[in-house]
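Coordinate inspection notes
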Amino acid sequence: MRSLQSEVEQRGRRILGLVDKHPESLFSKAGFYQRLMTLSMRDEQLKLQLFRFVDVLPSLRTSGEIVEHLQEYFANAHDSRKVSEFLGAGIRLARMVPWISGPILRWNVSEMARQFIAGRNPNDVMRTLRKRRAQRIGFTVDLLGEAVVSETEADEYAARYQNLLESLAGETKYWTDPLGKNSELFPVVNLSVKISALYSQMSPADPADAVAHLAPKLRPLLRRARELGAFINFDMESYAHKNTTLELFKTVFTEEEFKDWPHAGIVIQAYLRDSETDLRDLIDWGRTRGTRFAVRLVKGAYWDYETTKSRQNGWNFPVYLQKPESDANFETLTRLLLENEAVVTSAFGSHNVRSIAHAQTLADELGIDRSRFEFQLLYGMAGPIKRALVDMGYRVREYCPVGELLPGMSYLVRRLLENTSNEGFLRAKFSEKVSAKELLRNPCEILRGSRNGVLPPSNATINMTTTTPKTQPGAPYENAPLTNFALPENQEKIRAALREQRKQFGRKVPLTINGEKISTDKMFSSVNPSQPDQIVGYAAEAGIPEAERAVAAARTAFEKWRRTSFEERCQLLERAAEILERRRFELSALEVFEVGKPWAEADGDIREAIDFCTFYARQMRLIGRPRLTQNVPGEESYRHYWPRGVALVIAPWNFPMAILCGMVSAALVTGNTVIMKPSEQSVIIGAMLMEIYEEAGVPPGVLNFLNGKGSVIGAHMVDHKDVDLIAFTGSREVGLWIWETAGKTREGQRELKRVICEMGGKNAMIVDSDADLDEAIVDSIYSAFGFQGQKCSALSRLIVLEENYDRVMERLLGAAASARVGNPDEPGIVVGPVIDEAAYRRILDYIEVGKSEATLAYQAKELPPHGYFIPPTIFTGVKPNMRIAREEIFGPVLSVLKVRDLDEAIEVANGTDYALTGGFFSRSPANIERVKAQLEAGNVYINRPCTGAIVGRHPFGGFKMSGSGTKAGGEDYLLNFLIPRVVTENVARHGLAPEKTPEYRDEFLWPKQ
Ligand SMILES: Cc1cc2nc3c(=O)[nH]c(=O)nc-3n(C[C@H](O)[C@H](O)[C@H](O)COP(=O)(O)OP(=O)(O)OC[C@H]3O[C@@H](n4cnc5c(N)ncnc54)[C@H](O)[C@@H]3O)c2cc1C
């Protein structure tokens, strides 16, 4: 008996033989598309630019704009020459006759899109479907569209699906099954549905909410499909939505109404590591349900997205990293599907002849008739393979996207990437002309043949090994990963932590001075802003006597701490980071209750605190040892740093752990002793940081925890002669007072006080006329309303160019109206309560000011009945001189300013007292360069939200009235906590000098410990 492998090879050769009779025209040399493909495959950098250009093109209105963009994208002479090749004319010529070249380019790109988009609308697509019918190819139709950012858009989408279904059913009423056998398994009408198009607020952390919103939207569609005898397939999108899609599928199709309906299908992506577990679970579910269902097995369309996102967030890769692993897993899952044919109908979605041949061979081996499963391929791709499969008597269905060019762009770019991928079968077969033997190799064998299971790196294989070990100086810094709330185990952990924290409500925390726990007569209560009658905890309140004791303790402890080696201090921070990590969920849960942070925001805050500890430890190791200033014979001159003395840390409540921990850790690691005063509103979290540092082994007096009123103890200590350094983050009013007060020298004061001062912002983002609105809207809403707009980096002024103002506003207002407002102890909440009653009243006052100055364009109506909830609010018609455009509001209030052009936009953005963050949405390389150069902000963000700075990656801090120009989480931050010192020694004796002077020497520590 022949082995399965040799059967697969033989089958593969047969398919390839049929394929070669009709070569793939998409990979021929002629035509615009073909030239684009050839150029892209030759040059990766150029490919990126070409695809970006294709992406922006449909949104450009005039020929002039098209040619301008062309020039900007290919300004580089080398690129420009190559691009001339594919344009058929030089860029210079294009500039001279934009009215000719603009439309030609647009026409070419439209034609290219038409190769992958089966029709603009339901009527249009019928022409294609009829043609395919004549070729004995079935269809599944998918609707292309912009990303859904609001519930209005989601409802429109649902209506479009209904329409499409009706129209397809009407038009194909008398169509029959091409194979005429087992046709009951394969309805003619087959609709592919994208779940994310039906609900705009899907949160990976909250599958239950998504299912609750999606099920009612789906039921009418499913009901109608059933009546019409159609099939509905759930497509699979990014990993973040995978569990929700599976959950939704199982929930809806277990309902009484749909339990016995066999015409439902879902996609399994073989590139996912957990796909086998998911498929087994689905099969078990199907068995219990007792009715057939279908699975479309694919490798997966989001490989680049998943790997990039995981790398950005420090997550384990959900996908395989080596292409043969996905191929091998596809084969494993093929077997699993076919072996369970009694309950599941299979559709194999692949253009890879090896994967297809394997499925065919295995089906034969298992005695499954070829009419009981199908092959699905994408419209516009792999035509010869479809034809070959039909000729062999297999069931073939084509996946046909329907929609307009503009919304279809992301789909088109995905297809272009797929066709030009180094790893892809189609490129190997039709462009590189790889041999049949190579194309049909067993992927398991390829993996076995590799060294230790690792293949030589290719362009698409991620190189995860770095040459420098992580702990070595100079090794790239790695942030702690964010918690991935798409994973059920993490959802469970945070829920358990929330339950646990609730039990601890009302706990009491003392002051810590010189290692002693001190209770006072006065207790301060910290409440849950979502439910102000819940007291999260009580904290002892310090008065002047306690402040004096703390300063004295810190002063005394300084003498020893300053002489402790920096290595010991670094290790203290690293131990604190480990404890923070261990207590991560507990601390996040506490933040949810104490300051009203949504889950992911709270987790981000703890992650940032961990990062501050590890990053500053790393930075201290880089600057800790005395370093030679210049190599001169006979003289050794070493620069090193001394700590400044006693540091007073005054932190805000909005990043209650991260900012406090960042300032404290920087002060400690540089050898200063610290009095930390957390905000009164987040004092329990502050007390936790004290606990953590104590467990990490901070010596008594080195870190002191003082809770009290800023106006009493804060003011006293700022003015104190024994305080040498003040690290402050908070309001402009207090910051300026500290700056001024610290400038006065008191009697007995040793040092000129250093003030590190980070204050507020009135941050602006500009939306250019060619911006990608799918991104701009989602990111603006998140930047303005995430954590209720209470981030100093939050967006407060959205500046929109008049050219696309109407479209931006239509989508923005819809998106605002859909943002989830509620108690953040529930997952998926975007807008929770503001911090306290004072903030609540102040923001409401500002809303009144806004109503008198500008136009109230949107205000949320439904709010939780208790708690300090402010409705997300948007004002339009705002002018730069209005109060709501100038003053920091620190709440979910967004002002929209309409401007003529980019000149005016930049002028308006910069016309403020502040300079903290700023942003720009654009796809014009020239405009992006201009904004990078001209926007006055400490942190400028292009095509992304303006909040969410990451330690080491986005050193954070502003200038003008936003701060003194320091950068938390930056390489030079620690220098603010240090005094530079140089020690020079003449080591020559009668002209005799040592040959070599070491670059570094040991610390100057005396007495030696
Ligand atoms: C009809 C149809 C419907 C589809 N529906 C969906 C869907 O709902 N959701 C979805 O996500 N995908 C879907 N796809 C799959 C996707 O769009 C691609 O077409 C498919 O992954 C290409 O695989 P292939 O077997 O045709 O080609 P091949 O060239 O054999 O495989 C390419 C695939 O391998 C994987 N890959 C590439 N590089 C690596 C690497 N370094 N390490 C590991 N794996 C790698 C990727 O998944 C890539 O797409 C569908 C495909 C078809 C044909």
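Structure first, text after, so check above.
Our subject in this report is the structure included herewith. (Residues numbered from 1 in each chain as written. Predicted model: local features only at pLDDT ≥ 70, side-chain atom pairs only at ≥ 80, totals over all residues. Heavy atoms only, no water.)

1. A look at the sheet that holds strand E25 (residues 893–899)
The criterion, for reference: Two strands pair if DSSP finds at least two bridges between them. The helix count covers DSSP runs of H or I at least four residues long, the strand count covers runs of E at least two residues long, and both are numbered beginning at the N terminus. Orientation is described by lines fitted to C-alpha atoms, with helices fitted over the stretch in contact, and by angles between N-to-C directions that extend from 0 to 180 degrees.
Strand order in the open sheet formed by seven strands is E23-E24-E25-E22-E21-E27-E28, with mixed pairing between adjacent strands. One side of each edge strand has no neighbouring strand; the edge strands of this open sheet are strand E23 (855–859) and strand E28 (939–942). When strand polarity is set aside, the average angle formed by the axes of neighbouring strands in this sheet is 20°. Examined bridge by bridge, strand E24 (residues 873–876) and E25 share three bridges and lie parallel to one another. Across the sheet, the residue bridging to Thr-873 is Val-893, located in E25.

2. What to know about the site of the ligand
Note the cut-off: Whether a residue is near a molecule or strand is decided by its heavy atoms; if any one of them lies within 4 Å of it, the residue is near. In protein, a polar contact means a hydrogen-donor-capable atom and an acceptor-capable atom, both N or O and within 3.5 Å, with residues adjacent in sequence counting only if both atoms are side-chain atoms; elsewhere, any N or O pair within 3.5 Å suffices. Only the protein chains shown count as cover for residues, and all accessible areas are computed by the Shrake-Rupley method using a 1.4 Å probe. In this classification, the charged set is Asp, Glu, Lys and Arg, the nonpolar set is Ala, Val, Leu, Ile, Met, Phe, Trp, Tyr, Cys and Pro, and all remaining amino acids, among them Gly, are polar.
The immediate surroundings of the ligand are formed by 32 residues, with Gly-300, Ser-326, Ser-350, Glu-418 and Phe-425 found nearest. The contact in question runs from an oxygen atom of the ligand to an N or O atom on the backbone of Phe-425, over 2.5 Å. Bound to the protein, the ligand loses 94% of the 940 Å² it would expose on its own. Taken together, the elements giving at least two residues each to the shell around the ligand come down to strand E4 (264–269), strand E5 (293–298), helix H14 (323–339), strand E7 (374–378) and helix H17 (405–420). Across the shell around the ligand, the residue classes break down as 14 nonpolar, ten polar and eight charged.

3. Quick notes on the packing of helix H23 (residues 566–582) against helix H25 (residues 599–623)
For any two helices packed against each other, the geometry is given by the interaxial angle and the distance between the axes. Where we set the bar: Roughly parallel covers angles under 35 degrees, roughly antiparallel covers those over 145, roughly perpendicular covers 65 to 115, and oblique covers all other angles. For any pair of crossing helices, the crossing counts as left-handed if the nearer helix is rotated counterclockwise from the farther one by less than a right angle, and right-handed if it is rotated clockwise. Two residues qualify as a contact provided that any one of their heavy atoms is within 4.5 Å of a heavy atom in the partner residue.
Running from N to C, H23 and H25 point in directions that differ by 165°, and their axes come no closer than 9 Å. As judged from the angle between their axes, H23 and H25 are roughly antiparallel. Handedness of the crossing formed by H23 with H25: left-handed. In this structure, H23 contributes Phe-566, Glu-567, Arg-569, Cys-570, Gln-571, Leu-573, Glu-574, Ala-576, Ala-577, Leu-580 and Glu-581 to the contact, and H25 contributes Ile-606, Ala-609, Ile-610, Cys-613, Thr-614, Tyr-616, Ala-617, Met-620 and Arg-621. Its residues placed into classes, the contact of H23 with H25 shows 13 nonpolar, two polar and five charged.

4. Some details on the sheet that holds strand E13 (residues 531–540)
Read across the sheet, three strands follow the order E9-E13-E12 without closing on themselves; strand pairing throughout is mixed. Among the strands making up the open sheet, the edge pair consists of strand E9 (507–509) and strand E12 (523–528). Direction aside, neighbouring strands of the sheet carry axes that sit 35° apart on average. Packing against the sheet, helix H24 (residues 584–595) makes contact with E9, E12 and E13, and its axis sits at approximately 95° to E12.

5. Re the environment of His-241
Basically, it comes down to this: The buried label applies to any residue whose accessible area, calculated with a 1.4 Å probe on protein chains only, is under 20% of its type's maximum; exposed applies above 50%, and partly exposed to all values in between.
Take His-241: it is sitting in the loop between strand E3 (231–234) and helix H11 (242–252). The class for His-241 is buried, based on a relative accessible area of 15%.

6. Considering helix H21 (residues 488–503)
Condition: Expected helix span is given by 1.5 Å per residue-to-residue step, counting one fewer step than there are residues. Arc definition: directions from the helix axis to the C-beta atoms.
Here H21 contains 16 residues, and its C-alpha end-to-end distance of 23 Å stays within 8% of the 22 Å for a straight helix at 1.5 Å per residue. Among the residues of H21, Asn-490, Gln-491, Ile-494, Ala-497, Leu-498 and Gln-501 are the ones counted as buried. Along the axis of H21, the buried residues cluster in a sector spanning 130°; they form a single face. On its buried face, H21 sits against helix H10 (207–228), E9, H24 and H25.

7. Remarks on the state of the cysteines
To keep it simple, the criterion reads: Pairs of cysteine sulfur atoms within 2.5 Å are identified as disulfides in what follows.
Under the criterion given, the structure shown has zero disulfides. In this model Cys-661 remains outside any disulfide bridge; the closest cysteine sulfur is found in Cys-613, 3.6 Å from its own. Among the residues examined, Cys-661 registers a relative accessible area of 0% and is labelled buried. Cysteine Cys-757 shares no disulfide, and the gap to the nearest cysteine sulfur, in Cys-792, comes to 12 Å.

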